[in-house]
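Examining the three-dimensional arrangement
Here is how the chains run, residue by residue.
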Amino acid sequence: MIQNIAQKFTGSRSTLRAAEHRFIIIALVPTILFYAIVKFYPIFFSFFISMHEWSLFGNVSPFVGLDNYVLLAKDSLFYKVMWNTMYRTFAGTFLGAFCSLIVALILNPIKRGSILLRLLYFLPVMTSVIASATIWKWMLQTRFGLLNQLLSFVGIQPVPWLQSTTWAMPSIIVMGIWGGIGFTVIIYLAGLKGIPKDYYEAAEIDGASSLQLAFRITLPLLKPVVSFVLITGVIGGFSGGFQAIYMMTGGGPLDSTRVLALHIYDYAFQRMFMGQASSMSFVLFAIVLILTLVQFKLQRVDWEL
Amino acid sequence: MANQDFVGIPSQVDTRALNRGATDFQRLRRGLLINYLVLGAGAILMVVPFIWMISTSFKPQAETVSFPPRLFPINPTISNYIDVFDRANMGRLYWNTTFISVIKTIFNIYTSALLGYIFGKFVFRGRDIIFYILLSTWIIPFEVYLIPLYLMTVQVGWADTYTALIVPEIFTIYAMFMFRQFMYTIPTELIDAARIDGAGEWYIFHRIIIPLSRAALFTLIAFYFMWNWNDFLWPLVVISSHDKYVITVGLATFVGEFWNQYGVIMAGASLAIVPILALFIAVQRFIIEGVVLTGLKG
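Since we're looking at a predicted model, the values are computed, not measured.

1. So, the overall build of chain A
- Helix and strand content of chain A: 13 helices and zero strands.
- Counting the 305 residues in chain A, one finds 50% classified as buried.
- Taking all contacts inside chain A whose residues are at least 6 apart in sequence as the whole, residues at least 24 apart take part in 65%.
- For chain A, the exposed area adds up to about 15,200 Å²; of that, 68% sits on carbon and sulfur atoms.

Now the structure itself:
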């Protein structure tokens, strides 16, 4: 890649016509300005805020240096939030990737009705999380919710799904998997399409069983897609979950579903501790940055493709 | 294992073709039946929440809390829907959300197509560096610039305006990246030929590049319209007057107010979901093929 860039700098092909030059400049100048103002400046501004005791009310925002970060390091609630975030991220990503893989593998050989099936699995992806969470909250309602009513037929006592510190997070994770499975399945199906049919035919002629086909051909060749799904899932998971949790539990009970995104919103816009919230958002930024670098190292994603 | 069934077949017969026929047949009988059963069960789990939402939305309050649960209401009613329109100002929410989603989507797609074209088809100094710097913003979680962006919005006097909803999201990375990928399928010779014929750069972009990008264009329009329609956090933070609410924020507020009137809440959720689902089912062929087409090269 570096060689590429170097070539482009020294290359002889930079003899653009004036019209092309104008075209590029008219398009790029507003773009660069936009990104500078809306994306890059806020990062520095955010770091600046995180060094102050910043509140929307009151005009003084005293400089406190790294105190906000020190406070975080000592805050047991923040550790709980980080634990919740990781719990949701890893359980959700791995279970979701697993379920999607199963669905994709059994959906792949199907021809008749596959479009309808894909559509059904894709429905929750199109639905806003706010609306989905509203439905799920109703279905998981302790006394009148559908799930507990159905469970009562097999003699299971009502479970307070969203009011229990044990069950609230798993409920939210299951809803997240329901909401995302359709998208992941399509990614897997595209990956499965890329595996040449000849491999299977050759293996079948050699007498391979369908289990052998799955474990010796499909899964090894699908490994890059699986790891793509897992890594992007984990990266997205750290900053995700806000809408579902905001609607279903509000972070409760007893902060058992309070994740980082909700915590940042709560501190910044309800408690108005913007400095403290900014320092948390920087911790999030650092985590995401490190994970992304790890991804580049692991996958060597070739953006030139 | 399938081969063993055909040991006795004379060598003149094309055993491979027969074999394949047999495995297909066996798969259909044993394998695919199981596939259909498992997928069908899964599909039921996927749609149960929607069905239950619609079922509840037509039930009077007393029936929503009755046992055992019933799929079809005994006394179906549309009063829940009337309630939602009356109390949640649903018409207004629809109009606001449609207006903002359409404008944002037009901006998103137009700027992305233009930049994708420029980064994909032109060679100029610093092109890759600029592209990768822009691309790097993709990984920044929204929570990181939420607070500063909000303070900046307040500073320039845009708080509680649609300008604040639209302007910070005019440009977008994902669609730009996808269009750039898509540009590799358009032959450069075509563009050069148009130039030789005297076509201007904007003419080429509008009349050649955009029409040729149709496949990517439709998919991205659908997805961006959906994302813009379902956007929540930024409108929640920026918009404070009720008459400017978008549908997600309106629904969240509504659910908070009518928390125990399940029929009314489910009617609200249906009204928020159904238009976008109907739109998507109408164009779904495009989308699912388009995800494959544009989504998975990298």
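2. Some details on the overall build of chain B
- Counting its regular elements, chain B contains 15 helices and zero strands.
- Total accessible area computed for chain B in this model is approximately 13,700 Å², and 66% of it derives from carbon and sulfur atoms.

3. Brief notes about the pattern of salt bridges
- Applying the stated criterion across every chain yields a total of eleven salt bridges over all chains.
- For Asp266 of chain A, the salt bridge goes to Arg271 of chain A, with nearest N and O atoms at 3.2 Å.
- You can call Asp266 of chain A buried: its relative accessible area is 10%.
- Residue Arg271 of chain A is classed as partly exposed on the basis of its relative accessible area of 35%.
- Measuring nitrogen to oxygen at the nearest pair gives 2.8 Å for the salt bridge that ties Glu169 of chain B to Lys104 of chain B.

4. Description of the interface of chain B and chain A
- If you look at the interface, chain B gives 104 residues, while chain A gives 98 residues.
- Buried surface at the junction of chain B and chain A, summed over both partners, amounts to about 9,600 Å²; 78% is from carbon and sulfur atoms.
- Applying the counting criterion to the chain B and chain A interface returns one salt bridge.
- Residues Arg195 of chain B and Glu20 of chain A are paired through a salt bridge, measuring 3.6 Å at the closest nitrogen-oxygen approach.
- Linking chain B to chain A there are ten residue pairs in polar contact (both at pLDDT 80 or more).
- Per element, the largest residue contribution to the side of chain B that touches chain A is 20 residues, and it comes from helix H1 (residues 15-57) of chain B.
- For the side of chain B that touches chain A, the residue count by class is 75 nonpolar, 16 polar and 13 charged.

5. Description of the packing of helix H8 (residues 168-193) of chain A against helix H10 (residues 210-239) of chain A
All names here are of chain A.
- Between H8 and H10, whose axes approach to 10 Å, the crossing angle comes to 140°. Helix-helix and strand crossings are classified by hand; for H8 and H10 the assignment is right-handed. Between H8 and H10, the residues in contact are Thr184, Ile187, Tyr188, Gly191 and Leu192 and Thr218, Leu222, Val225, Val226, Phe228 and Val229, respectively.
- Class assignment for the residues of the contact of H8 with H10 results in eight nonpolar, three polar and no charged.

6. Here we look at helix H4 (residues 76-107) of chain A
- Taking 1.5 Å per residue as the helical rise, H4 of chain A with its 32 residues ought to reach 46 Å, and the 46 Å between its terminal C-alpha atoms agrees with that figure.
- Measuring from the backbone nitrogen of Leu77 of chain A back to the side-chain oxygen at the start of H4 of chain A gives 3.0 Å, which picks out Asp75 of chain A as the cap.

7. Observations concerning the confidence of the model for chain A
All names here are of chain A.
- Mean pLDDT over chain A: 85, with 91% of residues reaching 70 or higher.
- Contacts of residues 9-15 to residues separated by more than four positions or lying in other chains number five contacts, the stretch itself having pLDDT below 50.
- The low-confidence segment residues 301-305, where pLDDT is below 50, has 16 contacts with residues more than four positions distant or belonging to other chains.

8. Side note on unusual backbone geometry
Residue and element names in this part refer to chain A.
- Within the chain, Asp255 stands out as a residue other than glycine whose phi angle is a positive 60°.
- Structurally, Asp255 can be placed in the loop between helix H11 (242-248) and helix H12 (260-270).
- Positive phi values are uncommon outside glycine, yet Met272 reaches one of about 60°.
- Tracing the sequence through the fold places Met272 in the loop between H12 and helix H13 (274-299).
- Residue Met272 is classed as buried on the basis of its relative accessible area of 17%.

9. Some thoughts on the packing of helix H9 (residues 197-205) of chain A against H10 of chain A
Residues and elements named next belong to chain A.
- Packing of H9 against H10 leaves a shortest axis separation of 11 Å and a crossing angle of 160°. Put simply, H9 runs roughly antiparallel to H10. As H9 packs across H10, the resulting crossing turns out to be right-handed. Within the contact between the two elements, H9 uses Tyr199, Tyr200, Ala203 and Glu204 and H10 uses Leu213, Ile217, Thr218 and Leu221.
- Residues of the contact of H9 with H10, tallied by class, amount to six nonpolar, one polar and one charged.

10. A few points about the packing of aromatic side chains
- Evaluated as defined, the whole model comprises 47 aromatic pairs over all chains.
- Between Phe142 of chain B and Tyr145 of chain B, the ring centres sit 5.5 Å apart and the planes meet at 85°, which makes this aromatic pair edge-to-face. In this pair, Phe142 of chain B and Tyr145 of chain B are both assigned in helix H6 (residues 142-155), three residues apart and thus about one turn of the helix distant.
- A relative accessible area of 7% means that Tyr145 of chain B is categorised as buried.
- Among the aromatic residues, ring-to-ring pairing joins Phe122 and Phe183 of chain A together with Phe119, Phe131, Tyr132, Trp138, Tyr174, Phe177, Phe223, Tyr224 and Trp227 of chain B into one connected group.
- The ring of Phe131 of chain B has Arg180 of chain B sitting right over it, with the charged end atom 4.0 Å from the ring centre.

11. Structural notes on a nonpolar patch on the surface
- Residues Leu150, Phe153, Val154 and Ile156 of chain A together with Phe67 of chain B make up a contiguous nonpolar surface patch of about 520 Å² in total accessible area.
- Here Leu150 of chain A shows up in helix H7 (residues 146-153).
- Since its relative accessible area comes to 43%, Leu150 of chain A is described here as partly exposed.

Definitions and limits used
Every chain is numbered on its own, with residues counted from 1 as its sequence reads. Each chain is given a letter, starting from A, and each ligand a number, starting from 1, according to the order in which they appear as written. Local features are withheld for residues below a pLDDT of 70 in this predicted model, meaning they are given only at 70 or higher, and side-chain atom pairs are given and counted only at 80 or more; totals for whole chains, interfaces and linings count all residues. To get the side-chain values, take all heavy atoms of the structure and skip hydrogens and water. Per the convention used, a helix needs a DSSP run of H or I reaching at least four residues, while a strand needs a run of E reaching at least two, with both numbered from the N terminus. The classification of residues rests on relative accessible area computed with a 1.4 Å probe and restricted to protein chains. Under 20% of the type maximum is buried, over 50% is exposed, and intermediate values are partly exposed. When checking whether two residues touch, look at their non-hydrogen atoms; a contact exists if any pair is within 4.5 Å. Shrake-Rupley sampling with a 1.4 Å probe provides the accessible areas, and residues are treated as covered by the protein chains on show and by no other component. Whenever a carboxyl oxygen of Asp or Glu lies within 4 Å of a side-chain nitrogen of Lys or Arg, that contact is scored as a salt bridge. When two parts are brought into contact, each loses some accessible area as probed by a 1.4 Å sphere; the total of that loss over both is the buried area. Polar contacts, as counted here, are pairs of nitrogen or oxygen atoms within 3.5 Å of one another; within protein the pair requires one atom able to donate a hydrogen and one able to accept it, and residues that are adjacent in sequence qualify only if both atoms are side-chain atoms. In the scheme used here, Gly and all other residues not listed as nonpolar or charged are polar, with Ala, Val, Leu, Ile, Met, Phe, Trp, Tyr, Cys and Pro taken as nonpolar and Asp, Glu, Lys and Arg as charged. Fitted lines through C-alpha atoms serve as axes, helices being fitted only where they are in contact, and the angles separating the N-to-C directions of these axes extend from 0 to 180 degrees. Crossings are assigned a handedness: left-handed for a near helix turned anticlockwise from the far helix by less than a right angle, right-handed for a clockwise turn. A helix is expected to span 1.5 Å for every residue after the first. Confidence scores here are pLDDT values: one per residue, from the predictor, ranging 0 to 100. Comment on the angle field: the value is read as roughly parallel under 35 degrees, roughly antiparallel over 145, roughly perpendicular from 65 to 115, and oblique elsewhere. For Phe, Tyr and Trp, where Trp contributes only its six-membered ring, two rings pair if their centres lie within 6.5 Å, and the inter-plane angle classes them as stacked under 30 degrees, edge-to-face over 60, or tilted in between. Over a ring means this: the NZ of a Lys or the CZ of an Arg is within 6 Å of the ring centre and within 35 degrees of the ring normal. Residues form patches when they are more than 30% accessible in relative terms and have no salt bridge. Like charges link within 9 Å. Nonpolar side chains (Val, Leu, Ile, Met, Phe, Trp, Tyr) link within 5 Å.

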